[in-house]
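# A closer look at the structure
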Amino acid sequence: MSSPEQNRPIVWTIAGSDSGGGAGIQADLLTMHDLGVHGCSAITANTAQNTLGVPAINAVSEEVLQSQLDALFADLQPAAIKIGLLVNVGQVRLVAQLLRKLKSIGKIIPVVYDPVAVASSGAQLTEDNTGTAILTELLPLCDLITPNSVELEWLAGIGADNAEGILKAAHKVRGNHDAALLVTGGHVEVEPGTTADLLCTGSSEHPSNDWLIGKKIDTRNAHGTGCTLSSAIAALLAQGYPLKDACVVANAYVRRGLRLGSGDHIGTGPGPVRHCGWPTEMRDFPEVLVAGSERAVLFGTFSETAATNFAAEFARPDTNQLGLYPVVDTVEWIEKLAEAGVRTLQLRVKCPDSDLKELIERAVDIGRRYDLRLFINDHWRLAIECGAYGVHLGQEDLQDADLKAIQQSGLKLGISTHGFFELLYAYQYRPSYLAIGAIYATNTKDMSGQLQGPRKLARMAALLLDYPLVAIGGINLQRAPAVAASGVGSIAVVTAITEAPDYRTAVAQLSAVIDQ
């Protein structure tokens, strides 16, 4: 039987070697091992480095670099590739040729490029004419580019020393191709006491700009942060994490290393960022800036339309442990389950055969008689009008719903999330609870691209130990123990009850698992 170690995804790093051990290949491999993948390396340059600077950059020949890539290609196929220092045009073209080769044989491999051009000490690391080749030949083949603001200026050819400049330069670098861009914000302080990374995703026709905000960490030990960030993202992409999730987890991984390594003394100059394992505390994760918040004005992403609907801090339920949470589509099920002792329920009616308002009024009446925590899915206007206990919204509904009206009515608000990024985004609203899904594949909706599994669920639940959380998606009696062990205080089910041979027995068994 193969061990978990043997099944680790393979990630390549094509970058320079740092003799001081703080950045480059050395930081890449430390990060990859820390996050559960096997790192392979192709060295582009042997740099002479220490904590004081970069005295020499010794580029390898194209033949030497090609031989390394050929050896890896023959035996160690990657699940993701991280690219770092490319010293000259020849290396850029060689790596671009490799990426085209992989695409031509049908290999769908995420590529993360950290455009290392200037060291933290200010030393120029690439030849002067390399930038054009990177823009025209390499960037269109990458999935994500991770420059800091100095490297962004180098690529864009314009200044990027404030939020507006960063947004403009990022738009110019992305041009007409769809590579995502993550601009790290350690060099520019848009808001005093904070750092801000800009994540640009979406197509050139429909771009999405998300600022990831964190408290500034007082440390000089920040050598290798860019290498560590890009390697962490590649490691997570290799394990199936969606891009936005990989970016926010990698952000937290770096921030954790900066925080815990602030007292280290390695060398006489700025030391390396620490590699401290999976980030487990919410304080290391970034805030995802919401376009409707007043804070967004500082970052150039404020939206008047979003501000009209934005609200935060919703009424909390009477307990963080919402228990068994059936989601049903009829009023009859509401009453039957209330009689069976269920106290948290959701009415989800997509295409009602009769008057929707009448259905919700009947459901709310039952909720009052049995003292239920009854949430109405989607139909927030009717939920307010009928005096419901609460309403549940998906992420896509947040832009259209009048959240201020929901808040002022006193309704509880639950929000669906799918992964780390959406969890952090929805948390900015401080809803009454956060639902995490889909944990497993479900018959009710195709969630194949957003499956979390119990391991990811446990990692997300650990960030919000004292917050009402609900796990949902494909959960049945057999899977419920693993879900309950994650630490969530509630499990939402659909067919596990409504299609059970005896719903009362199903309620009792599932409730017992959660109570344990």
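Preceding this paragraph is the structure being described.
Here we summarise the structure given alongside this text. (Residues numbered from 1 in each chain as written. Predicted model: local features only at pLDDT ≥ 70, side-chain atom pairs only at ≥ 80, totals over all residues. Heavy atoms only, no water.)

## Regarding the overall build of the protein chain
From N to C terminus, the protein chain includes 18 helices and 18 strands. For the protein chain, the C-alpha radius of gyration of 25 Å lies close to 24 Å, the compact-globule estimate for 516 residues. By principal-axis analysis of the C-alpha atoms, the protein chain measures approximately 80 × 55 × 45 Å. Within the protein chain, the fraction of its 516 residues that count as buried is 55%. Considering only intrachain contacts with a sequence separation of at least 6, the fraction spanning at least 24 residues in the protein chain is 65%. For the protein chain, the distance from the average site of its 40 positive side-chain charges to the average site of its 55 negative ones is 3 Å. (Helix = DSSP H or I, 4+ residues; strand = E, 2+ residues; numbered from the N terminus. Rg over C-alpha atoms; globule rule 2.2 N^0.38 Å. Buried < 20%, exposed > 50% of the residue type's maximum accessible area, 1.4 Å probe, protein only. Contact = heavy atoms within 4.5 Å. Lys, Arg positive; Asp, Glu negative; His and termini not counted. Charge placed at Lys NZ, Arg CZ, Asp CG, Glu CD.)

## Remarks on the sheet that holds strand β15 (residues 412-417)
The strand order β11-β12-β13-β14-β15-β16-β17-β18 describes a closed barrel built from eight strands, whose pairing is parallel. For this sheet, the mean inter-axis angle between neighbouring strands, taken without regard to orientation, is 25 degrees. The pairing of strand β17 (residues 469-472) with strand β18 (residues 490-493) spans two bridges and is parallel. Residue pairing for β18: Ala 471 is matched across the bridge by Ile 491. Across the sheet, helix α18 (residues 503-515) lies against β11 (323-328) and β18, angled at about 140 degrees from β11, the strand it touches most. (Pairing = 2+ DSSP bridges. Axes fitted to C-alpha atoms, helices over the stretch in contact; angles between N-to-C directions.)

## A word on the nonpolar core
In terms of nonpolar packing, the biggest core is built from 105 residues, with Ile 233, Leu 403 and Ile 497 touching the most fellow members. Setting aside anything within four residues of it in sequence, one finds Ile 497 in contact with Leu 324, Pro 326, Trp 333, Leu 337, Tyr 503, Ala 506, Val 507 and Leu 510. Grouped together as the second largest cluster of nonpolar side chains are 53 residues, Val 92, Leu 141, Ala 163 and Cys 200 included. (Core = buried A, V, L, I, M, F, W, Y, C linked by side-chain atoms within 4.5 Å.)

## Observations concerning unusual backbone geometry
In the segment running from Gly 437 into Ala 438, the intervening peptide bond is cis, with an omega of -10 degrees. Looking at the element boundaries, Ala 438 is found in the loop between β16 (433-436) and α15 (453-463). Phi angles above zero are rare outside glycine, and Glu 313 is one such case at about 70 degrees. In this structure, Glu 313 sits in the loop between α9 (304-309) and β11. You will see that Asp 371, though not glycine, has its phi angle at about 55 degrees, which is positive. Tracing the backbone through its elements, the reader meets Asp 371 in the loop between α11 (356-369) and β13 (373-377). Owing to a relative accessible area of 62%, Asp 371 belongs among the exposed residues under this scheme.

## A closer look at the packing of aromatic side chains
Tallying each qualifying case throughout the model produces 13 aromatic pairs. Taking 5.8 Å as the distance between ring centres and 80 degrees as the angle between the ring planes, the aromatic pair formed by Tyr 325 and Tyr 433 counts as edge-to-face. Separated by 108 residues along the polypeptide, Tyr 325 in strand β11 and Tyr 433 in strand β16 bring together distant segments of the chain. Judged by centre distance (5.4 Å) and plane angle (85 degrees), the rings of Trp 333 and Tyr 503 are edge-to-face. On the criterion of sequence distance, the pair formed by Trp 333 in helix α10 (residues 331-339) and Tyr 503 in helix α18 is long-range, its members being 170 residues apart. Considered together, Trp 333 and Tyr 503 belong to a single accessibility category, that of buried residues. Cation over ring: Arg 316 sits above Tyr 467, and NZ or CZ is 4.5 Å from the ring centre. Directly above the ring of Trp 278 sits Arg 459, whose terminal nitrogen or CZ lies 3.7 Å from the centroid. (Phe/Tyr/Trp six-rings, centres within 6.5 Å; stacked < 30°, edge-to-face > 60°. Lys NZ or Arg CZ within 6 Å of the ring centre and 35° of its normal.)

## Here's the deal with the pairing of β17
Looking at chain direction, β16 and β17 are connected through three bridges and run parallel. Looking across to β17, one finds that Ala 435 is bridged to Val 470.

## Quick look at the pattern of salt bridges
Counted under the stated rule, the structure contains 16 salt bridges. In this structure, the salt-bridge partner of Asp 28 is Lys 82, at a minimum N-O distance of 2.9 Å. One end of the pair, Asp 28, is in helix α1 (residues 24-34); the other, Lys 82, is in strand β4 (residues 80-83), and 54 residues separate them in sequence. On the basis of relative accessibility, which here comes to 0%, the residue Asp 28 falls in the buried class. Taking the relative accessible area as the measure of exposure, Lys 82 reaches 1% and is therefore buried. Across the pair Arg 362 and Glu 332 runs a salt bridge, and its minimum N-O distance is 3.1 Å. (Salt bridge = Lys/Arg side-chain N within 4 Å of Asp/Glu carboxyl O.)

## Section: the side chain of Thr 130
By secondary structure assignment, the location of Thr 130 is in helix α4 (residues 130-138). Ignoring sequence-local partners within four residues, the contact set of Thr 130 consists of Leu 86, Val 87, Asn 88, Val 89 and Val 92.

## A look at the packing of helix α2 (residues 62-75) against helix α3 (residues 89-104)
Interhelical geometry of α2 versus α3 gives an angle of 20 degrees and a closest axis separation of 10 Å. Here α3 runs roughly parallel to α2, going by the angle between their axes. The handedness of the crossing between α2 and α3 comes out as right-handed. Along the contact surface, α2 presents Glu 62, Leu 65, Gln 66, Leu 69 and Phe 73, while α3 presents Gly 90, Gln 91, Leu 94, Val 95, Leu 98, Lys 101 and Leu 102. Class assignment for the residues of the contact of α2 with α3 results in seven nonpolar, three polar and two charged. (Parallel < 35°, antiparallel > 145°, perpendicular 65-115°, else oblique. Left-handed = near helix turned anticlockwise from the far one by under 90°. Nonpolar A, V, L, I, M, F, W, Y, C, P; charged D, E, K, R; others polar.)

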